[in-house]
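# Remarks on the overall topology
What follows is the residue order along each chain.
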Amino acid sequence: MKIIVCIKQVPALSEASMDREKGVLVRTGENKINPYDLPAIETALRLREALGGEVTALTMGPESAEQALRTALAMTADHACLMSDRAFAGADVLMTARTLAQGIKALGGADLIICGQQTTDGDTAQVPFSLAEQLNIPVIGWVREIVSASEDRLEACQELTGRSCQVSGGLPLVLAVNPTICEARIPGLRAKLKAGRQVVQRLALSDLEQQDSETYGLSGSPTRVVRLFQPETTAKNPVLELTSSQSAALLLDVWKSVKEADE
């Protein structure tokens, strides 16, 4: 089975900032692999261990995104591919999915494509579904459990709002997995050192079937962030300055209120 895991490098939340003119995230600060992608990688590895085959980690981003791929390699992914080209920069959901779909085609396709349900930067949870549409194959989202899998079919349990359901689909197929689907393995030092020596394949615009730069990145994106602003904070929390005895009396009153409510 040939499995491709689409992953992403995201800004650390403490370092995130915005380009107010372009309406996109500035990605020059501290970055890390999207935490939702770690269970996706682990899911792919477990399926490989059960069914055989190979796992390729694929990402689109700047050269620094190679570090996210090294994480996947350290977790024992077989191959890694970085799609990096100035033409891809500033892509919205549709253009991100289009670029990844072109990359998957350039890699020879896949039996199964696995994505984390969403990312911590865009947080749209739309890329896996748009990717499936671009590839014209089925998709199962919000997957909390793989019920069964074979070389030509997969059955999964979806976690939906207030309920769950069991669905199946023939391969090729896109899966968008919830972070609770499994616990990702933690690579040891030897695995990390080995991953640091492995070759990461590169794909640029010139390697793709569709090479019109105007249909990628910011140029091809049909959606735009039109305005950015800092949320205004109007509510103020009162600060009480109390003596030790006053603090103790206040805590006692709160405790009595909670106890009465429980009774």
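By the naming in an unreviewed UniProt entry, the protein goes by Electron transfer flavoprotein small subunit and is assigned to Eubacterium maltosivorans.

## Describing the nonpolar core
The biggest cluster of nonpolar side chains holds 36 residues, and the ones touching the most others in it are Ile 3, Ile 7, Leu 112, Ile 114 and Leu 175. Excluding anything up to four places from it in sequence, Leu 112 contacts Met 1, Lys 2, Ile 3, Ile 4, Leu 47, Leu 154, Leu 171, Leu 173 and Leu 175. Formed by 25 residues, the second largest nonpolar core is a distinct cluster that contains Ile 4, Ile 113, Leu 205 and Leu 208.

## What about the environment of Asp 121?
Relative to the assigned elements, Asp 121 resides in the loop between strand E8 (112-116) and helix H4 (127-135). With a relative accessible area of 18%, Asp 121 lands in the buried category. It is 9.0 Å that separates the C-alpha atoms of Asp 121 and Ala 12, two residues lying 109 residues apart in sequence. A polar contact of 3.0 Å, which involves the side chain of Asp 121, links it to the side chain of Lys 8.

## Here we look at the sheet that holds strand E12 (residues 173-177)
Reading across the sheet, the nine strands line up as E11-E10-E9-E12-E8-E1-E6-E7-E13 and stay open at both edges, with mixed pairing between neighbours. Bordering the open sheet on either side are strand E11 (163-170) and strand E13 (201-203), each of which pairs with just one other strand. Recorded for the sheet is a direction-independent mean angle of 35° between the axes of neighbouring strands. Bridge count for strand E1 (residues 2-6) against strand E6 (residues 54-60) is five bridges, and the pairing is parallel. Each residue of the ladder has a partner; that of Val 5, found in E6, is Ala 57.

Rules used throughout
All residue numbers here refer to positions counted from 1 along the written sequence of the relevant chain. Under the rules for a predicted model, residues below a pLDDT of 70 receive no local features and side-chain atom pairs below 80 are neither given nor counted, while totals for whole chains, interfaces and linings still include all residues. The side-chain quantities take in all heavy atoms of the structure and omit both hydrogens and water. Working definition of a nonpolar core: buried Ala, Val, Leu, Ile, Met, Phe, Trp, Tyr and Cys residues. They are joined through side-chain atoms within 4.5 Å. Remark: exposure states derive from per-residue accessible area (1.4 Å probe, protein chains only) relative to the maximum for the residue type, with buried under 20%, exposed over 50%, and partly exposed in between. Residues count as neighbours in contact if any of their non-hydrogen atoms are within 4.5 Å of one another. Secondary structure is summarised from DSSP: a helix means a run of H or I of at least four residues, a strand means a run of E of at least two, and numbering begins at the N terminus for each. In protein, a polar contact requires one atom able to donate a hydrogen and another able to accept it; more generally it is a pair of N or O atoms within 3.5 Å, and residues adjacent in sequence count only if both atoms are side-chain atoms. At least two DSSP bridges between two strands are required for those strands to pair. Between N-to-C directions, angles span 0 to 180 degrees; the directions come from axes that are lines fitted to C-alpha atoms, helices contributing only their stretch in contact.

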